[in-house]
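# Fold and contact review
If you want the building blocks of each chain, they are given just below.
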Amino acid sequence: MPIIRHLNWLLLGCLLGTSARAELPAPLVTSHPHLLVNQARFDSLKSTLPVPQANFPAAGGSIEFDWTPQAKAAGDTKDRAIFGYNGSNRNTILIRHLDSEDTSSTVALQFALLPKTGQYVASGVARLPLGQPVHIRLNWDSAQMKASYVIGNAAPKTMSWNDGSTSPAGRWAANEQIFNFDTRLNEQLGNFLIKDLQQAVVFSNTRSDFTSAVRKWQDFTANVDQYQANVPACVANATPTITYCNVAKGHPVSIFQVAEQLSAAYKLSGDPKYLSAARSYIDLIDATDNSAGGEYSMGGRVAALGILYDWLYAELDSSYRARIATKIERILTRGTTADLSNYLCDTTIPDPDDTSTHTTVIDCKNKPVYNYQDWNRFASPPVASLAPYYLGGHQIDDVGNASIGLLAIAAEHPRVLPLIDTLYSHYEKGFWPAKAYVSADGGHQMGFGYSLEGNIARTIQLWRSAFDTGSSPAVFQADWQNKMIYPYIYGLRGNRSYPSRGDNYDLYADDPIVAKLALLAASQNNDGIAQAFYTQQILSSRSKPSNTLMELLYFPQAETMPSGDISNLELSRIFHVAGTVIARDSWDYANATVLDFKASNFSSDNHQHWDQNSFGLFYKAPLLIDSGFYDDYNSAHRFNYSTRTIAHNTLTVFKPDEVFKRYDNVYANDGGQWYPSPSTYYPTLGDIQPDVGTNYQDGIVNYEYDRRYTYVRGNASKAYVNGKLDRAQGFLRSIVFLPSSNFWSAPVMVVFDAVRPSMSGLETTFLLHSINEPAASVSATHQGGGRYLMGFSNGAARQVTVRNQGGMATIQTLLPENAAILKVGGTAADCLQADNKIAKDCRFTVRDNGPGGVWRNYAPGTGINDFKIANADAGAWRLEIGTQSSVQGQPQFYLHVISVADNDNGTGAASPPATQRLPADSSTEAVCLGVNTVLLFNRNSEPATSLSFVAPLSQPAILATGLKPETAYVLLSTAEAGGTRFRLQEATGNNDAQYSSKDGVIKFNF
């Protein structure tokens, strides 16, 4: 057969010319099914599942299994059946609990042969000790009218037979057996065998945890049964009342999932009801307008048709297969700039059935340019290319969905091969090089939700399954693929969600795309950590394992791969180009503190936010947050607030006459970061290269992990445009995260900011966002517009606490000295809204453009109703701290100590750890935490050759940052008024010197 496939492929190549497959690495597989999985994989999984057997021994045989009886638990139904079904009116075998006969130490188990009507043909009850493993066997023989059961090694217990028959022809048989398995919630079945009278095995699952397979199958079919029951009634192009009827405008993932699961249900069960529903789904898509819903929904329909065609090829007649192929081609050749073809080609796809197009194949009108180095953004006339969208955009999803449809029909419809070549080239020369650069160590510039775009694991499996590579390595193998799961391992929070980075939607630990990333790394890289995360965190987060069955189909090793120990990982990790550092204090996910810091190496449009040098903090609940909603991509809330700098825990630099313009729209003046150029909203890979790329930003410039601390420094200078800040050193943020210490019972972080304005008269403001109203031990005066000035007196400590659910964070502002602190937000005051009306909503205020700009609230739209977890991070309050008016050439500094603790349910500021700024020279910022822990920061723009401070200490524990890298330093001390002066200075030829790290950090007694 492989030889025949190769000959067929060569023949197709000759028909189309050499260019048709010039880029493809191997012949395409021509058998069906083959996309993602093949028939052998279906058969292998089917053999482990509790699916009905066509050769069930109705006239006689045995059923046996291992079982540990347990007491009835909350959620257990009455008289729960282990095999068969309660209340049946069919000739079937039933093995079930008898709740009424349980005792405190025993469980009653009934064996029954049920007729359609009347009394049991045979019945018996065994009483078994709780919690004791036991082997059970039921025997029956209709011809001999005998039935018995066996408990462990005991003698068989005979059950009297009474079927009322007077001849062999009328004797009872289990010819309508209901093939249903179940247990009480805390019980396990294992080693389940069904044999006929000749002891031939009819069904076998030798796993000790057969119950888990039962649960997976039950939950999977319960979901698919809804599709099966309702899809036939769906009406094409109508407004659907059921989500999965919405093939016209639905999300591509949802459209594909219905097709995928109906097809899988039939392949695994053989139940014709699923095949019938699959045909109805084909009819529904076929009757839907080709361009309905735009490119996103169009792609979903192409992918759905592709999987139906490939997986059900043998079961669909030629007319259905022809209709599917024709529909895929019609959707792809729809031919306007808003349609799918434009997202695949940056131009149209001519229809070969239209004689005016003068083409016999299906491909882009003009082959797009793949490599950004070969493409000119400003060429006239424009040259087709997806180069600006390899870093972000719907294109990666659209190309993936189109690939499923085209690869499915290619063997029978070879004129699509040139377009397959184009799509393959997009990955090989565009998407994957972009991923290899940005995600070299994992991570994504858009955070967690939209990092999942393109369904990377599925796409890789798709292309690998498409080619007959023989003994050659599988296509698309790269190390970055194995790193994509690590942001999700590090970023998972105690509420099973992820930090709200970039546009955010409900994303839980059990998300199937996250699961596939873990399983991809585990399967192709033997990554035990990824496997442990899948087993311990993803699976445990699922109340019902409906997705788990499909994961077993795609990754057969999902439950058998050896797991590593997540607790052996370091407690923080950097994802360099994506620009994320995630630090934790433990791998006890439920109780861990999680700090996430963001400073990407570039800016882009799509779903990335203007959040350079921002951070979030979680302990038992979101405390300091990335605020705002993702209500709709083009909403006023999104472009005026949630994507903007003012919605993040970073700095704004307000210039009254600054204009924030995107295309022809002008947005509110938040004083934040913005696009570096209107021509590179969507940058190419070349546009983000260090130093030369228009959209390049410095991002994270220093990172160091030690079990005692994580140190990170970000440079967001280039993120602020229009000359507001020094381009090289305009905004440097240093964070030291202490997961534990001898002075506080929970993590503490210190944030030091150095700001260098390039002009006078700018307002720089330090921002922190929270869910609930910040609390202080002073009163606050309303300034109007939901802005409340906290009444701290000069010289008084500035301490504010934010509380949420089980956690709280207390913020101590040490710089600016005597800082003004406002709390802003809430729903108690009147605020001007985006529609010029007044309402009691001040949660998302931003200034209008121009001098004296009015604060206006941009409330979210109704799109937020789709989300739950994401909304929990949206927030309602912010702190504006220490707004300073700039003087050109004079740096500004902010210093904050933030400590977490269990919520004390108080009303004012909580008591924080002892904190003190120490006297220091002009180049040093020194802060003492507790009794003798001293952190040093460099106030200068260049690495420090010396840092000096005074403290009433004899031997402080010092952690110094901002030094020259890998340089010898010596610590000197001299007595002076007020204590001891400690001077850390560069040294040469000194045997007592210590060397700083490559990131300019050094420790003494720390």
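Residues numbered from 1 in each chain as written. Predicted model: local features only at pLDDT ≥ 70, side-chain atom pairs only at ≥ 80, totals over all residues. Heavy atoms only, no water.

The criterion, for reference: UniProt positions are given in the numbering used here, feature names are shortened, and annotations may be inferred rather than shown by experiment.
As annotated in an unreviewed UniProt entry, the protein chain carries the name Heparinase II/III-like protein and is attributed to Duganella sacchari. Its UniProt record gives the protein chain the following Subcellular location (unreviewed entry) comment, quoted word for word: "Cell envelope".

## Some points on the overall build of the protein chain
Note the threshold: Put simply, DSSP marks the helices as runs of H or I at least four residues long and the strands as runs of E at least two long, and each gets a number from the N terminus on. Values of the radius of gyration come from C-alpha atoms, whereas the globule rule sets the reference at 2.2 Å times the count of residues to the power 0.38. Throughout this description, buried means an accessible area under 20% of the type-specific maximum (1.4 Å probe, protein chains only), exposed means over 50%, and partly exposed covers the range between. Only the protein chains shown count as cover for residues, and all accessible areas are computed by the Shrake-Rupley method using a 1.4 Å probe. Under this rule, positive means Lys or Arg and negative means Asp or Glu; His and the chain ends count for nothing. Every charge is mapped to an atom, namely NZ of Lys, CZ of Arg, CG of Asp or CD of Glu.
Within the protein chain, the regular secondary structure consists of 18 helices and 43 strands. On C-alpha atoms alone, the protein chain measures out to a radius of gyration of 33 Å, which is about the 30 Å that the 2.2 N^0.38 rule sets for 1006 residues. Relative to its full complement of 1006 residues, the protein chain shows a buried share of 61%. When the accessible area of the protein chain is evaluated, it comes to approximately 37200 Å², of which 48% is carbon and sulfur surface. Distance between charge centres in the protein chain, computed from 80 positive and 92 negative side chains, equals 3 Å.

## Let's talk about the domain arrangement of the protein chain
Basically, it comes down to this: For every domain, the bounds stem from an assignment made automatically or drawn from a database. The contact criterion used is simple: two residues touch if any of their non-hydrogen atoms lie within 4.5 Å. Here the buried area means the combined drop in accessible surface, using a 1.4 Å probe, for two parts upon being joined, counting both sides. Whenever Lys or Arg places a side-chain nitrogen within 4 Å of a carboxyl oxygen from Asp or Glu, that contact is recorded as a salt bridge.
By domain assignment, the protein chain separates into domain 1 (54-206), domain 2 (639-902) and domain 3 (915-1004). Between the C-alpha centres of domain 2 and domain 3 there is a distance of 29 Å. Contact with domain 2, which involves 24 residues of that partner, is made by 22 residues of domain 3. Summing both sides of the interface, domain 2 and domain 3 together bury roughly 2000 Å²; the carbon and sulfur share of this comes to 65%. The interface formed by domain 2 and domain 3 includes one salt bridge. We note a salt bridge from Arg 917 to Glu 817, for which the minimum N-O separation is 3.1 Å.

## What about the state of the cysteines?
Note: disulfide means a covalent bond formed between the sulfur atoms of two cysteine side chains. Short version of the rule: The disulfide criterion is simple: two cysteine sulfur atoms within 2.5 Å.
Applying the stated criterion across every chain, the model contains three disulfides. Two residues share a disulfide in this structure: Cys 345 and Cys 364, whose sulfurs sit 2.0 Å from each other. Disulfide Cys 345-Cys 364: torsion about the S-S bond near -70°, hence left-handed. Of the two residues, Cys 345 sits in helix H8 (residues 340-345) while Cys 364 sits in the loop between H8 and helix H9 (395-409), which places them 19 residues apart along the sequence.

## Focus: the pattern of salt bridges
This model, assessed by the stated rule, comprises 53 salt bridges. With a shortest N-O distance of 2.2 Å, Glu 101 and Arg 127 are connected by a salt bridge. Taken together, the positions of Glu 101 in the loop between strand S3 (92-97) and strand S4 (106-114) and Arg 127 in strand S5 (residues 122-129) put the pair 26 residues apart, joining distant regions of the chain. Taking relative accessible area as the criterion, Glu 101 reaches 30% and is therefore assigned partly exposed. For Glu 880, the salt bridge goes to Arg 878, with nearest N and O atoms at 3.0 Å.

## Focus: the packing of helix H7 (residues 318-332) against H9
Quick reminder of the rule: Axis definition: a line fitted to C-alpha atoms, over the contacting stretch in the case of helices. Angles run 0 to 180 degrees between N-to-C directions. Oblique is the label for any angle not under 35 degrees, not over 145, and not in the 65 to 115 range, which are roughly parallel, roughly antiparallel and roughly perpendicular in turn. In this scheme the crossing of two helices becomes right-handed for a clockwise turn of the near helix relative to the far one and left-handed for an anticlockwise turn of less than a right angle. Each residue gets one label: Ala, Val, Leu, Ile, Met, Phe, Trp, Tyr, Cys and Pro are nonpolar, Asp, Glu, Lys and Arg are charged, and the others, such as Gly, are polar.
For the pair H7 and H9, interaxial distance at closest approach is 10 Å and the crossing angle is 140°. As judged from the angle between their axes, H7 and H9 are oblique. Crossing handedness for the pair H7 and H9: left-handed. Counting all contacts with H7, which are made through Ala 325, Ile 328 and Leu 332, the residues of H9 involved are Ala 402, Gly 405, Leu 406 and Ile 409. Within the contact of H7 with H9, the residues separate by chemical class into six nonpolar, one polar and no charged.

## Brief notes about helix H10 (residues 417-438)
What counts, and what does not: In a helix, the anticipated span is given by 1.5 Å times the number of residues less one. Bend, in this description, refers to the angle at a residue between axes fitted to the seven residues ending there and the seven starting there.
For H10, built from 22 residues, the straight-helix expectation of 32 Å at 1.5 Å per residue is met to within 8% by its first-to-last C-alpha distance of 30 Å. Along H10, the helix axis deviates most sharply at Tyr 427, where the bend reaches about 35°.

## Details of the UniProt feature "domain: Heparinase II/III-like C-terminal" (unreviewed entry) in the protein chain
When the UniProt feature table is mapped onto this chain numbering, "domain: Heparinase II/III-like C-terminal" (unreviewed entry) sits at residues 575-654. The straight-line gap between the two end C-alpha atoms of residues 575-654 is 30 Å; of that span, 9% is helix and 31% is strand.

## Thoughts on the sheet that holds strand S28 (residues 821-825)
What counts here: DSSP-based pairing: two strands are paired if at least 2 bridges between them are found.
An order of S16-S23-S33-S28-S25-S24 is seen for the six strands of this open sheet, with the pairing classed as antiparallel. Edge positions in the sheet fall to strand S16 (651-654) and strand S24 (780-782), since each of these pairs with one other strand and no more. Strand after strand, the sheet turns through a mean of 30° between neighbouring axes, direction not considered. Bridge analysis of strand S25 (residues 787-790) against S28 gives three bridges, and the strand direction is antiparallel.

## Regarding the nonpolar core
For soluble globular proteins, the rule of thumb is that nonpolar side chains tend to be buried together. Stated precisely, the cut-off is as follows: In plain words, nonpolar cores are sets of buried Ala, Val, Leu, Ile, Met, Phe, Trp, Tyr and Cys residues tied together by side-chain atoms within 4.5 Å.
Counting 145 residues, the largest nonpolar core has Tyr 281, Trp 311, Ile 420, Trp 463, Ile 485, Tyr 488 and Phe 533 as the members making the most contacts within it. Counting residues per element, this core draws most heavily on H10, at 10 residues. Every residue in contact with Ile 485, bar those within four places of it in the chain, is listed here: Val 514, Leu 517, Ala 518, Ala 521, Ala 530 and Phe 533.

## Observations concerning the confidence of the model for the protein chain
For clarity, the threshold we go by: Note on scores: pLDDT gives the predictor's confidence for each residue, bounded by 0 and 100.
Overall, the prediction assigns the protein chain a mean pLDDT of 94, with 97% of residues at 70 or greater. Confidence drops under pLDDT 50 across residues 1-9; counting only partners more than four residues distant or on other chains, this segment forms 11 contacts.

## A word on the sheet that holds strand S34 (residues 892-902)
If you walk across this open sheet you meet the seven strands as S19-S20-S21-S22-S34-S27-S26, and the pairing is antiparallel. Each edge of the sheet is formed by a strand with only one pairing partner; in this case those strands are strand S19 (699-706) and strand S26 (798-804). Geometrically, the sheet is characterised by an average inter-axis angle of 15° between neighbouring strands, direction not taken into account. Examined bridge by bridge, S26 and strand S27 (residues 807-815) share seven bridges and lie antiparallel to one another. By the bridge assignment, Arg 798 is partnered in S27 with Thr 813.

## Some words on the side chain of Thr 915
Applicable threshold: Here a polar contact means two N or O atoms within 3.5 Å. Within protein one must be a hydrogen donor candidate and the other an acceptor candidate, and residues neighboring in sequence count only if both atoms are side-chain atoms.
Looking at the element boundaries, Thr 915 is found in strand S35 (residues 915-918). Within the structure, the side chain of Thr 915 is placed 3.1 Å from the side chain of Gln 812, a separation counted as a polar contact.

## Section: the environment of Glu 773
Relative to the helices and strands, Glu 773 is located in the loop between strand S23 (763-770) and S24. Residues Glu 773 and Thr 801, spaced 28 residues apart in sequence, show a C-alpha to C-alpha distance of 9.0 Å. Setting aside chain neighbours within four positions, we find Glu 773 in contact with Thr 801, Lys 823 and Trp 877. There is a polar contact of 2.6 Å between the side chain of Glu 773 and the side chain of Lys 823.

## Examining the packing of aromatic side chains
This is how the line gets drawn: Note on ring pairs: Phe, Tyr and Trp rings are taken, using the six-membered ring of Trp, and paired if centres are within 6.5 Å. Classes follow the plane angle, with under 30 degrees stacked, over 60 edge-to-face and the rest tilted. Counted as over-ring charges are cases with an Arg CZ or a Lys NZ within 6 Å of the ring centre that also lie within 35 degrees of the ring normal.
Applying the stated criterion across every chain yields a total of 59 aromatic pairs. An angle of 65° between the planes, with centres 5.5 Å apart, marks the rings of Tyr 309 and Tyr 313 as edge-to-face. Taken together, the ring pairs connect Phe 56, Phe 65, Phe 83, Trp 140, Phe 179, Phe 181, Phe 192, Phe 203 and Phe 210 into an aromatic cluster. Over the ring of Phe 660 we find Arg 644, and its NZ or CZ is 4.7 Å from the ring centre. Sitting above the plane of the Phe 654 ring, Arg 847 keeps its charged end 3.5 Å from the centroid.

## Quick word on unusual backbone geometry
The omega angle of the peptide bond from His 32 to Pro 33 is -10°, so this bond is cis rather than trans. By secondary structure assignment, the location of Pro 33 is in the loop between helix H1 (2-16) and helix H2 (39-46). Following Leu 815, the chain continues into Pro 816 via a peptide bond in cis, with omega recorded as 0°. Within the element layout of this structure, Pro 816 appears in the loop between S27 and S28. Even without a glycine there, the phi angle at Met 145 is positive, about 50°. Of the residues examined, Met 145 reaches a relative accessible area of 34% and is grouped as partly exposed. A positive phi angle is found at Gln 199, which is not glycine, with a value near 70°. As for its position among the elements, Gln 199 is in the loop between strand S9 (189-196) and strand S10 (201-205).

## Details of the pairing of strand S12 (residues 580-584)
Counting buried residues along S12, five of its five residues qualify, which places the element largely inside the surrounding structure. A two-sided burial pattern is seen for S12, the buried positions comprising Thr 580, Ile 582 and Arg 584 on one face and Val 581 and Ala 583 on the other. Relative to S12, strand S11 (residues 572-575) runs antiparallel, the two sharing four bridges. Bridged to Ser 572 within S12 is Ala 583. Hairpin remark: S11 followed by S12, antiparallel, with four residues in the connecting loop; positive phi at Gly 579, about 85°.

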